[in-house]
Amino acid sequence: MTSRPPTLREKRRYVLIRIEPAGTVPDQKELYFAVHEAVSSLWGDAAAALIHMAVVAAEGTYVIVRCRRGMERELAIALTTVTTCGGQRISLRTVATSGTIESLRERIAVMRAPDAAVVVPDECTIDGRRHTVSNCSGQKVDVIEKGFKNTTRFFLTREDLEDI
Amino acid sequence: MKITDACVCPRPAGDSSVRRMALEAHELGFDSLIAVDTPSCEYAGVYVASGIVIRDVPVQEVASRVKRSKESCAIVSVQAGDNGRNRTVLGVRGVHILCGIHRTDRYAFDHVTAKIAADNGVAIDISLAPVIKERGVVRQRALDRYFDLILLCRRFEFPLVISTHARSVLEMRSVREFSALASVIGLDIPDVEQALLNAGRLQSPSSAVKVVQ
């Protein structure tokens, strides 16, 4: 099958999104299903077909989602309604929209500048339960309750850890 | 002029500390937050106003609860109920926000309640939580209630506030996402800007000039 000449190809836009909480790397396929469900439940099947969404690349906590040109707004609104992916609570933050994947990859490289090393304790006790520090960037500290199941994640700051 | 998320619920109700929520709000473009059951403070350049939500309380008790909360200078929100309850609550002095309209029936907020809200300057809360978290019939019903609310707002010009009712930083949304989600329910950008500023105005209401001797 020959590919269409550039003038006949449909124009696309690529949306760069950041996945929160930091350190969450969901499966690309599961993320596709989560976004697709959000798009079709919010806008309906007809609009979902027009949006023509696809998860084209995942680089760590950054994901590039494709859509048809002119449907970026609809996709961005639907992305804000994604709350879970593969049973994990997540939030998708739209960072940028571009006409090429390459320019978004350049942005990812800029944003991935390493944080200054911060010293925080590995463990802490909240409400009498032991928690492990799972992620720390700048002032933000995420802790997860120690255990095998029903573990809760708390979103704190370094000052909160000092107060506990 | 403060851009404010009209309701967040930090720990112990949620899983995020109030400082973390303030930090996140700063990154998301907010100047202030109204945090339920939290003392007022300022963190990361974000002013956190204390808020109280009165829910599951009979109408007769609302006035006394509001009176008790006056000492704490908190923003008082009262959960909406049926039409009679809403009319009474909107007439209570000291009530700042009527919230949870999306959970009420179609006749709970009509033109009479809209006029009372406009006359008393009580803001009506549009929670984005059902738009973000719910799916299917529940979201459709919430959207329907909001369409009706906005229709009445355009006619009677009562103040609107927009909130996420976030219990976690993952449920918080940026100012741009607020206006995008609000466009789904028919609010355009000037309306959203006004609604985001209204919550800040509740913290410092304009009052008559007093002569101090």
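Residues numbered from 1 in each chain as written. Chains lettered and ligands numbered in written order. Predicted model: local features only at pLDDT ≥ 70, side-chain atom pairs only at ≥ 80, totals over all residues.

K.L.:
Break down the nonpolar core for me, citing the residues and quoting the values.
P.N.:
Counting 101 residues, the largest nonpolar core has Val35, Val65 and Leu75 of chain A together with Leu33, Leu98 and Ile162 of chain B as the members making the most contacts within it. If one sorts the elements of this core by residue count, helix α1 (residues 28-51) of chain A sits on top with eight residues. Taken together, domain 1 (9-111) and domain 2 (123-163) of chain A each give at least three residues to this core, which thus spans both. Not counting chain neighbours up to four residues away, the residues in contact with Leu33 of chain B comprise Thr4, Asp5, Val8, Met21, Ala22, Ala25, Val46, Val48 and Ala49 of chain B. (Core = buried A, V, L, I, M, F, W, Y, C linked by C-beta atoms within 7 Å. Buried ≥ 20, exposed ≤ 12 C-beta atoms within 10 Å, placed from the backbone. Helix = DSSP H or I, 4+ residues; strand = E, 2+ residues; numbered from the N terminus. Domains from an automatic or database assignment. Contact = placed C-beta atoms within 7 Å.)

K.L.:
Residues and numbers for the pairing of strand β7 (residues 123-126) of chain A, please.
P.N.:
All names here are of chain A. The pairing of β7 with strand β8 (residues 129-137) spans four bridges and is classified as antiparallel. Directly across from Ile126, in β8, lies its bridge partner Arg129. If you look at the hairpin formed by β7 and β8, you'll find two residues sitting between the two strands, and Asp127 has a positive phi there, around 50°. (Pairing = 2+ DSSP bridges.)

K.L.:
Before we move on, can you summarise the interface of chain A and chain B with the specific residues and values?
P.N.:
Counting from both sides, the interface comprises 22 residues of chain A and, opposite them, 17 residues of chain B. Mapped onto the side of chain A that touches chain B, the elements with two or more residues apiece are α2 (72-80), β10 (153-157) and α4 (158-163) of chain A. Looking at the side of chain A that touches chain B residue by residue, the classes come out as seven nonpolar, eight polar and seven charged. (Nonpolar A, V, L, I, M, F, W, Y, C, P; charged D, E, K, R; others polar.)

K.L.:
Before we move on, could you go through helix α1 (residues 18-28) of chain B and cite the residues and values that matter?
P.N.:
Taken across its eleven residues, α1 of chain B has nine buried, putting it largely inside the fold. Every buried residue belonging to α1 of chain B is among Val18, Arg19, Arg20, Met21, Ala22, Leu23, Glu24, Ala25 and Leu28 of chain B, and all of these are buried.

K.L.:
Account for the sheet that holds strand β6 (residues 91-98) of chain A, with residues named and values stated.
P.N.:
All names here are of chain A. Pairing in this open sheet of four strands is antiparallel, and the strands run β2-β3-β1-β6 from one edge to the other. Of all the strands in the sheet, the pair left with one neighbour each is β2 (54-59) and β6. If you compare each strand with its neighbour and ignore which way they point, the axes differ by 30° on average. Examined bridge by bridge, strand β1 (residues 12-20) and strand β3 (residues 62-68) share seven bridges and lie antiparallel to one another. Counterpart to Ile17 in the pairing with β3 is Val63. Along the sheet, α2 contacts β1, β3 and β6; its crossing angle with β1, the most-contacted strand, is approximately 15°. (Axes fitted to C-alpha atoms, helices over the stretch in contact; angles between N-to-C directions.)

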